[in-house]
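Given next are the chains, with one letter for each unit.
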Amino acid sequence: MKQLKNLKPVNFLFLTVAGLVNAFGITLFLYPVDLYDSGISGTSMLLAQITPAGMTLSVFLIILNIPLFIYGFKKQGAEFTIYSIYAVVIYSLGSWLITDILPVDVSIASPLAGQDLLLCALFGGMISGIGSGITIRYGGAIDGIEVMAVIFAKKLNLTVGTFVMVYNVILYVICGFVLNSWILPLYSIVTYMAALKTIDFVVEGIDRSKAAMIITSMPDEICSALSQEFGCGITRLSAVGGYSNQPKTAVYFVLNRFQINKMANIVHSIDTYAYISITEVADVFKYNQPTY
């Protein structure tokens with residue numbers, strides 16, 4: 001019950017957008033030209049093509065995804081499960097509206113990209129990636145294979161990413177045999193890669209922050225200069241030089257890529273021998289707390 005109290009209306013709003021965006025990308029770019037999404041979504045597309053007419057994409061999205069989310073309830077928790085099921089239901093309803101209700105012909109070719117497989121693969125993957133990324137960012141998942149990956153990957157001595165990739169490779173191989181053609185499965189891999197990259201952009205940001213680790217013997221002067229120039233918090237860590245065995249200070253500082261050169265110039269103007277390493281930061285969470 002505590003987790004249910006944490007459910008936020010704004011999350012449901014964005015999950016609604018995510019489900020509709022995903023439905024838009026799949027039904028208007030991939031499904032009309034027999035390209036396949038990844039995971040359970042791609043499996044649903046394949047099954048909808050080889051089963052009787054009543055078994056549509058939207059039906060398979062429900063009957064394949066929801067049991068997986070329920071199965072993963074103990075591992076993922078009530079909040080994640082509810083958000084995910086809601087996103088899948090919206091995705092399914094959106095697909096049903098576009099393919100069966102709205103006056104949109106998706107039976108022969110994409111209404112927006114015709115039969116150009118590369119355009120369909122790229123834009124279908126990017127748009128579905130936006131939907132998946134929004135879903136992840138707001139607490140859920142739109143594909144049950146991600147839940148199965150979290151549960152079974154460690155037991156199989158695989159990473160979550162490897163588990164998902166293996167599943168998709170198997171899916172695309174099966175699609176190749178079913179269709180008796182490898183053109184569409186190969187283009188589907190393009191879709192998969194476009195979606196993966198787009199998810200990274202949505203979840204982590206297109207312009208990732210950078211973290212600078214500055215090893216110096218003049219921390220007071222460097223921290224003062226950086227704080228005055230950039231107006232942001234800085235963290236100091238005590239360190240010892242591995243070769244000199246002399247006390248040092250590690251200054252941790254988060255900045256963007258446009259500030260790197262200016263930061264390096266400021267640091268080296270104060271301490272010529274300062275060592276600076278730059279790493280990418282996937283996300284930065286800021287709270288109302290004193291600057292350290």
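Relevant structure appears above.
For clarity, every value in this text was computed on a predicted model and none was experimentally measured.

What counts as what
- Residues numbered from 1 in each chain as written.
- Predicted model: local features only at pLDDT ≥ 70, side-chain atom pairs only at ≥ 80, totals over all residues.
- Heavy atoms only, no water.
- Helix = DSSP H or I, 4+ residues; strand = E, 2+ residues; numbered from the N terminus.
- Buried < 20%, exposed > 50% of the residue type's maximum accessible area, 1.4 Å probe, protein only.
- Polar contact = N/O pair within 3.5 Å; in protein donor to acceptor, adjacent residues only side chain to side chain.
- Contact = heavy atoms within 4.5 Å.
- Pairing = 2+ DSSP bridges.
- Salt bridge = Lys/Arg side-chain N within 4 Å of Asp/Glu carboxyl O.
- Arc of directions from axis to C-beta.
- Core = buried A, V, L, I, M, F, W, Y, C linked by side-chain atoms within 4.5 Å.
- Axes fitted to C-alpha atoms, helices over the stretch in contact; angles between N-to-C directions.
- Phe/Tyr/Trp six-rings, centres within 6.5 Å; stacked < 30°, edge-to-face > 60°.

Asks: Sorry, what's going on with unusual backbone geometry here?
Replies: Most peptide bonds are trans, and most residues other than glycine sit at a negative phi. For N157, which is not glycine, the phi torsion reads 60 degrees and is therefore positive. Topologically, N157 is positioned in the loop between α8 (145-152) and α9 (160-179). For N157, a relative accessible area of 71% gives the class exposed. Its identity is not glycine, yet N180 carries a phi of approximately 55 degrees, on the positive side. Relative to the assigned elements, N180 resides in the loop between α9 and α10 (183-204).

Asks: Explanation requested: the side chain of N168 in the structure shown.
Replies: As for its placement among the helices and strands, N168 is situated in helix α9. A distance of 2.6 Å separates a polar side-chain atom of N168 from the backbone nitrogen of G39. Once residues within four sequence positions are removed from consideration, N168 is found in contact with S38, G39 and Y192.

Asks: When you look at the pairing of strand β2 (residues 235-240) in this model, what are you seeing that I'm missing?
Replies: The side chains of a regular strand alternate between both faces of the sheet. Relative to strand β3 (residues 247-255), β2 runs antiparallel, the two being bridged by six bridges. Residue pairing in the sheet places R236 in a bridge with V251 of β3. From the end of β2 to the start of β3, which pair antiparallel, there are six residues, and N245 there has a positive phi angle of about 60 degrees.

Asks: What am I meant to see in the pattern of salt bridges here?
Replies: Side-chain pairs of opposite charge can arise whenever the charged atoms involved come near each other. Evaluation of the coordinates by the stated rule reveals three salt bridges. Salt-bridge contacts for K210 lead to E280; the nearest nitrogen and oxygen are separated by 3.3 Å. Note that K210 is positioned in strand β1 (residues 209-216) and E280 in strand β4 (residues 275-281), a separation of 70 residues in sequence. Across the salt bridge formed by E229 and K262, the nearest N and O atoms sit 3.3 Å from each other.

Asks: I would appreciate a short explanation of the pairing of β1 in the present structure.
Replies: As paired elements, β1 and β4 share seven bridges and run antiparallel to each other. Looking across to β4, one finds that S209 is bridged to V281. Bridge analysis of β1 against β3 gives seven bridges, and the strand direction is antiparallel. By the bridge assignment for β3, K210 is matched with L255.

Asks: Looking at this structure, how should I read helix α12 (residues 260-270)?
Replies: Count 3.6 residues to each turn of an α-helix, and residues three or four apart come out pointing the same way. Residues of α12 that are buried: M263, I266 and V267. All buried residues of α12 lie within an arc of 95 degrees about the axis, which places them on one face of the element. Residues of α12 that are exposed and point more than 90 degrees away from the buried face comprise N261, N265 and S269. The inward-facing, buried residues of α12 contact β1, α11 (219-230), β3 and β4.

Asks: I'm lost on the nonpolar core in this one. Help?
Replies: Grouped burial of nonpolar side chains is what soluble globular proteins tend to show. Counting 46 residues, the largest nonpolar core has L35, M45, L57 and M148 as its most contacted members. Elements represented by at least two residues in this core include exactly α2 (9-30), α3 (39-50), α4 (57-71), α6 (78-101), α7 (117-137), α8, α9 and α10. Here L57 is in contact with I26, T27, Y31, S41, S44, M45, A48 and S95, once residues within four sequence places are set aside.

Asks: Teacher, can you tell me more about the sheet that holds β4 here?
Replies: Two orientations exist for strands paired in a sheet by backbone hydrogen bonds: parallel and antiparallel. An order of β2-β3-β1-β4 is seen for the four strands of this open sheet, with the pairing classed as antiparallel. Edge positions in the sheet fall to β2 and β4, since each has one partner strand and no second. Going across the sheet, the axis of each strand differs from the next one's by a mean of 25 degrees, ignoring polarity. In this fold α11 packs onto β1, β2 and β3, with an angle of close to 10 degrees to the strand it touches most, β3.

Asks: Before we go on, may I ask you to explain the packing of aromatic side chains in this structure?
Replies: All chains considered together, the criterion is met by nine aromatic pairs. On the numbers, 5.3 Å between centres and 80 degrees between planes, the contact of F177 with W182 is edge-to-face. Residue F177 is classed as exposed on the basis of its relative accessible area, which comes to 63%. Taken together, the ring pairs in this structure connect F12, Y83 and Y86 into an aromatic cluster.

None of this, on its own, says anything about what the molecule does.
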